[in-house]
Amino acid sequence: RDYQKADGEIPIYVNKLTSSNTLVPYNYYELPHCKPKGGPKMQDENLGQFLTGSRIETSPYSVVMREETLCKVTCVKHYSKSDVRLFKRQIKEGYGNNWILDNLPAASMESAGLEPDYAHGFRVGFWEEETSTAILYNHVTLTVSFHVVEGGTEEDPAARIVGFMAEPRSRAYTNID
(Lines give C-alpha, C1' and ligand atoms only; values in the text may rest on other atoms or scores of the structure.)
Protein backbone atom coordinates (compact mmCIF):
# COMPACT_ATOMS: atom_id res chain seq x y z
CA ARG A 1 0.00 0.00 0.00
CA ASP A 2 1.13 3.57 -0.66
CA TYR A 3 0.96 6.15 2.14
CA GLN A 4 1.13 9.92 2.42
CA LYS A 5 1.70 12.00 5.53
CA ALA A 6 -1.90 13.18 5.18
CA ASP A 7 -3.08 9.58 5.70
CA GLY A 8 -2.26 9.97 9.39
CA GLU A 9 -1.27 7.16 11.70
CA ILE A 10 -0.27 3.76 10.35
CA PRO A 11 -0.98 1.13 13.00
CA ILE A 12 1.63 -1.25 14.33
CA TYR A 13 0.23 -4.67 15.20
CA VAL A 14 1.64 -7.24 17.60
CA ASN A 15 1.94 -11.00 17.17
CA LYS A 16 2.73 -13.79 19.61
CA LEU A 17 5.92 -13.83 21.70
CA THR A 18 8.38 -16.45 20.45
CA SER A 19 11.65 -18.00 21.58
CA SER A 20 14.04 -20.28 19.73
CA ASN A 21 15.02 -21.70 23.13
CA THR A 22 11.63 -23.08 24.16
CA LEU A 23 9.54 -23.13 20.95
CA VAL A 24 6.42 -22.42 23.06
CA PRO A 25 4.69 -19.23 21.86
CA TYR A 26 2.79 -16.89 24.18
CA ASN A 27 0.10 -14.35 23.48
CA TYR A 28 1.73 -10.88 23.37
CA TYR A 29 -0.54 -9.54 26.09
CA GLU A 30 0.22 -12.41 28.51
CA LEU A 31 3.06 -10.11 29.53
CA PRO A 32 1.83 -6.85 31.05
CA HIS A 33 2.65 -4.74 27.97
CA CYS A 34 1.02 -1.39 27.26
CA LYS A 35 -2.42 -1.95 25.72
CA PRO A 36 -4.34 0.15 23.19
CA LYS A 37 -7.30 2.25 24.34
CA GLY A 38 -10.32 -0.02 24.56
CA GLY A 39 -8.09 -3.09 24.84
CA PRO A 40 -6.41 -5.19 22.16
CA LYS A 41 -8.52 -6.51 19.31
CA MET A 42 -7.76 -9.55 17.13
CA GLN A 43 -7.10 -8.80 13.46
CA ASP A 44 -8.36 -10.84 10.54
CA GLU A 45 -5.81 -13.43 9.51
CA ASN A 46 -5.01 -14.86 6.11
CA LEU A 47 -4.61 -18.62 5.61
CA GLY A 48 -0.83 -18.53 6.07
CA GLN A 49 -1.11 -16.64 9.35
CA PHE A 50 -3.76 -19.07 10.57
CA LEU A 51 -1.64 -22.11 9.68
CA THR A 52 1.43 -20.71 11.48
CA GLY A 53 -0.58 -19.92 14.61
CA SER A 54 -0.25 -16.15 14.39
CA ARG A 55 -2.25 -14.08 16.86
CA ILE A 56 -2.19 -10.61 15.36
CA GLU A 57 -3.70 -7.95 17.62
CA THR A 58 -3.91 -4.18 17.78
CA SER A 59 -1.35 -2.25 19.80
CA PRO A 60 -0.98 1.29 21.15
CA TYR A 61 1.86 1.93 18.68
CA SER A 62 1.72 3.69 15.32
CA VAL A 63 3.83 5.74 12.92
CA VAL A 64 3.10 8.53 10.43
CA MET A 65 4.71 8.30 6.99
CA ARG A 66 7.77 10.56 6.65
CA GLU A 67 7.32 12.07 10.13
CA GLU A 68 10.13 11.74 12.64
CA THR A 69 8.92 11.33 16.21
CA LEU A 70 11.31 11.49 19.15
CA CYS A 71 10.63 9.60 22.39
CA LYS A 72 6.87 9.22 22.42
CA VAL A 73 5.67 7.88 25.79
CA THR A 74 3.09 5.15 25.20
CA CYS A 75 2.23 4.43 28.82
CA VAL A 76 3.74 4.43 32.28
CA LYS A 77 3.47 1.15 34.17
CA HIS A 78 4.28 0.04 37.68
CA TYR A 79 4.84 -3.71 37.84
CA SER A 80 3.86 -6.05 40.64
CA LYS A 81 6.27 -8.71 41.93
CA SER A 82 4.45 -11.36 39.88
CA ASP A 83 4.77 -9.15 36.74
CA VAL A 84 8.51 -8.85 37.38
CA ARG A 85 8.85 -12.64 37.81
CA LEU A 86 6.96 -13.21 34.55
CA PHE A 87 9.15 -10.73 32.63
CA LYS A 88 12.29 -12.24 34.17
CA ARG A 89 11.31 -15.75 33.08
CA GLN A 90 10.48 -14.62 29.52
CA ILE A 91 13.73 -12.67 29.24
CA LYS A 92 15.79 -15.60 30.57
CA GLU A 93 14.14 -17.92 28.04
CA GLY A 94 14.99 -15.53 25.19
CA TYR A 95 11.48 -14.45 24.20
CA GLY A 96 11.03 -11.81 21.56
CA ASN A 97 8.33 -9.34 20.58
CA ASN A 98 6.97 -9.61 17.06
CA TRP A 99 5.57 -6.34 15.72
CA ILE A 100 4.08 -5.81 12.26
CA LEU A 101 3.84 -2.64 10.17
CA ASP A 102 2.02 -2.73 6.82
CA ASN A 103 2.31 -6.56 6.82
CA LEU A 104 6.11 -6.35 7.30
CA PRO A 105 7.52 -7.96 10.45
CA ALA A 106 9.89 -5.89 12.56
CA ALA A 107 13.52 -6.95 12.33
CA SER A 108 16.34 -6.24 14.75
CA MET A 109 20.09 -6.42 14.45
CA GLU A 110 21.99 -8.59 16.90
CA SER A 111 25.72 -8.31 16.39
CA ALA A 112 27.56 -11.51 17.13
CA GLY A 113 30.93 -10.65 15.66
CA LEU A 114 32.05 -8.70 12.64
CA GLU A 115 28.96 -9.36 10.54
CA PRO A 116 25.54 -8.09 11.66
CA ASP A 117 22.95 -10.76 12.33
CA TYR A 118 19.33 -9.86 11.67
CA ALA A 119 16.55 -11.36 13.75
CA HIS A 120 12.81 -11.58 13.29
CA GLY A 121 11.28 -9.33 15.95
CA PHE A 122 13.23 -8.08 18.97
CA ARG A 123 13.97 -9.40 22.44
CA VAL A 124 11.83 -8.60 25.47
CA GLY A 125 15.02 -7.89 27.40
CA PHE A 126 18.60 -8.90 28.06
CA TRP A 127 19.69 -11.77 30.32
CA GLU A 128 23.03 -11.27 32.11
CA GLU A 129 24.18 -14.84 32.68
CA GLU A 130 26.99 -14.10 35.18
CA THR A 131 24.73 -12.24 37.61
CA SER A 132 21.40 -13.90 36.71
CA THR A 133 19.98 -10.44 36.08
CA ALA A 134 17.15 -9.64 33.69
CA ILE A 135 17.12 -6.21 32.05
CA LEU A 136 13.74 -5.26 30.58
CA TYR A 137 13.82 -3.29 27.33
CA ASN A 138 11.50 -0.37 28.00
CA HIS A 139 12.35 1.76 24.95
CA VAL A 140 12.26 0.91 21.25
CA THR A 141 13.69 3.00 18.43
CA LEU A 142 11.82 2.28 15.20
CA THR A 143 13.26 2.86 11.74
CA VAL A 144 10.87 2.70 8.81
CA SER A 145 12.44 2.51 5.35
CA PHE A 146 10.39 3.63 2.37
CA HIS A 147 10.57 4.39 -1.34
CA VAL A 148 8.80 7.37 -2.87
CA VAL A 149 6.37 6.19 -5.56
CA GLU A 150 4.14 7.94 -8.06
CA GLY A 151 1.08 9.51 -6.56
CA GLY A 152 0.22 12.00 -3.91
CA THR A 153 1.04 15.68 -4.30
CA GLU A 154 4.24 17.64 -4.77
CA GLU A 155 4.11 18.71 -1.11
CA ASP A 156 3.12 15.24 0.13
CA PRO A 157 4.37 12.51 -2.25
CA ALA A 158 3.22 8.93 -1.80
CA ALA A 159 5.63 6.37 -0.37
CA ARG A 160 5.72 2.61 0.12
CA ILE A 161 7.12 0.96 3.26
CA VAL A 162 9.97 -1.43 2.38
CA GLY A 163 11.62 -2.06 5.75
CA PHE A 164 10.82 -2.00 9.48
CA MET A 165 13.62 -2.17 12.07
CA ALA A 166 13.31 -2.12 15.86
CA GLU A 167 16.21 -1.33 18.19
CA PRO A 168 15.27 -2.12 21.80
CA ARG A 169 17.09 -0.78 24.83
CA SER A 170 16.63 -0.12 28.50
CA ARG A 171 16.53 3.43 29.79
CA ALA A 172 16.15 4.91 33.24
CA TYR A 173 13.44 7.55 33.23
CA THR A 174 13.25 10.01 36.08
CA ASN A 175 10.77 12.57 34.72
CA ILE A 176 8.11 11.68 32.17
CA ASP A 177 5.71 14.43 31.15
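For every chain, the first residue of the written sequence is number 1, and numbering continues from 1 along that sequence. Totals for whole chains, interfaces and linings use all residues, but because this is a predicted model, local features are given only for residues with pLDDT of at least 70 and pairs of side-chain atoms are given and counted only at 80 or more. Neither water nor hydrogens contribute to the side-chain values; these are computed over all heavy atoms in the structure.

### Regarding the state of the cysteines
Only a pair of cysteine sulfur atoms within 2.5 Å counts as a disulfide in this structure description. By the definition in use, this model includes 1 disulfide. The residue that forms a disulfide with Cys34 is Cys75, at a sulfur-sulfur distance of 1.8 Å. In this structure the cystine formed by Cys34 and Cys75 twists about its S-S bond by roughly -70°; its chirality is therefore left-handed. One end of the pair, Cys34, is in the loop between β2 (9-18) and α1 (47-51); the other, Cys75, is in the loop between β3 (62-64) and α2 (81-92), and 41 residues separate them in sequence. Judged by relative accessible area, which is 32%, Cys75 ranks as partly exposed. Cysteine Cys71 shares no disulfide, and the gap to the nearest cysteine sulfur, in Cys34, comes to 13 Å. Classification of Cys71 by relative accessible area gives partly exposed; the value is 46%. Per the convention used, a helix needs a DSSP run of H or I reaching at least four residues, while a strand needs a run of E reaching at least two, with both numbered from the N terminus. The rule is simple: take the accessible area with a 1.4 Å probe, protein chains only, and divide by the maximum for that residue type; under 20% is buried, over 50% is exposed, in between is partly exposed.

### Overview of the nonpolar core
Core analysis: the largest hydrophobic core is formed by 25 residues, its most contacted members being Ile10, Ile12, Tyr28, Trp99, Leu101 and Val124. Counting residues per element, the ones that place at least two in this core are β2, α2, β4 (96-101) and β12 (157-169). Residue contacts are defined here by distance: any two heavy atoms, one from each residue, within 4.5 Å place the two residues in contact. Non-local contacts of Ile10, meaning those with residues more than four positions away in its chain, are made with Tyr3, Ser62, Val63, Met65, Leu101 and Ile161. Throughout, nonpolar core names a set of buried Ala, Val, Leu, Ile, Met, Phe, Trp, Tyr and Cys residues whose side chains join them through atoms within 4.5 Å.

### Focus: the environment of Val148
One can find Val148 in strand β11 (residues 139-152). Sequence separation between Val148 and Ala158 is 10 residues, and the spatial gap between their C-alpha atoms is 5.9 Å. Contact partners of Val148, with chain neighbours within four places excluded, come to Pro157, Ala158 and Ala159.

### A closer look at the packing of aromatic side chains
Aromatic rings considered in pairs are described by the distance between their centres and by the relative angle of their planes. Aromatic pairing here means that ring centres of Phe, Tyr or Trp (its six-membered ring) are within 6.5 Å. Orientation follows from the plane angle: under 30 degrees is stacked, over 60 is edge-to-face, and everything else is tilted. Taken as a whole, this structure holds 5 aromatic pairs when the rule is applied. Taking 5.2 Å as the distance between ring centres and 70° as the angle between the ring planes, the aromatic pair formed by Tyr26 and Tyr95 counts as edge-to-face. In this pair, Tyr26 sits in the loop between β2 and α1 while Tyr95 sits in the loop between α2 and β4, placing the two residues 69 residues apart along the sequence. Aromatic pair Tyr61 and Trp99: ring centres 4.5 Å apart, planes at 25°, arrangement stacked. Taken as a pair, Tyr61 in the loop between α1 and β3 and Trp99 in strand β4 lie far apart in primary sequence, 38 residues in all. Like Trp99, Tyr61 is buried. What links up through ring pairs into an aromatic cluster is the set Tyr61, Trp99 and Phe122.

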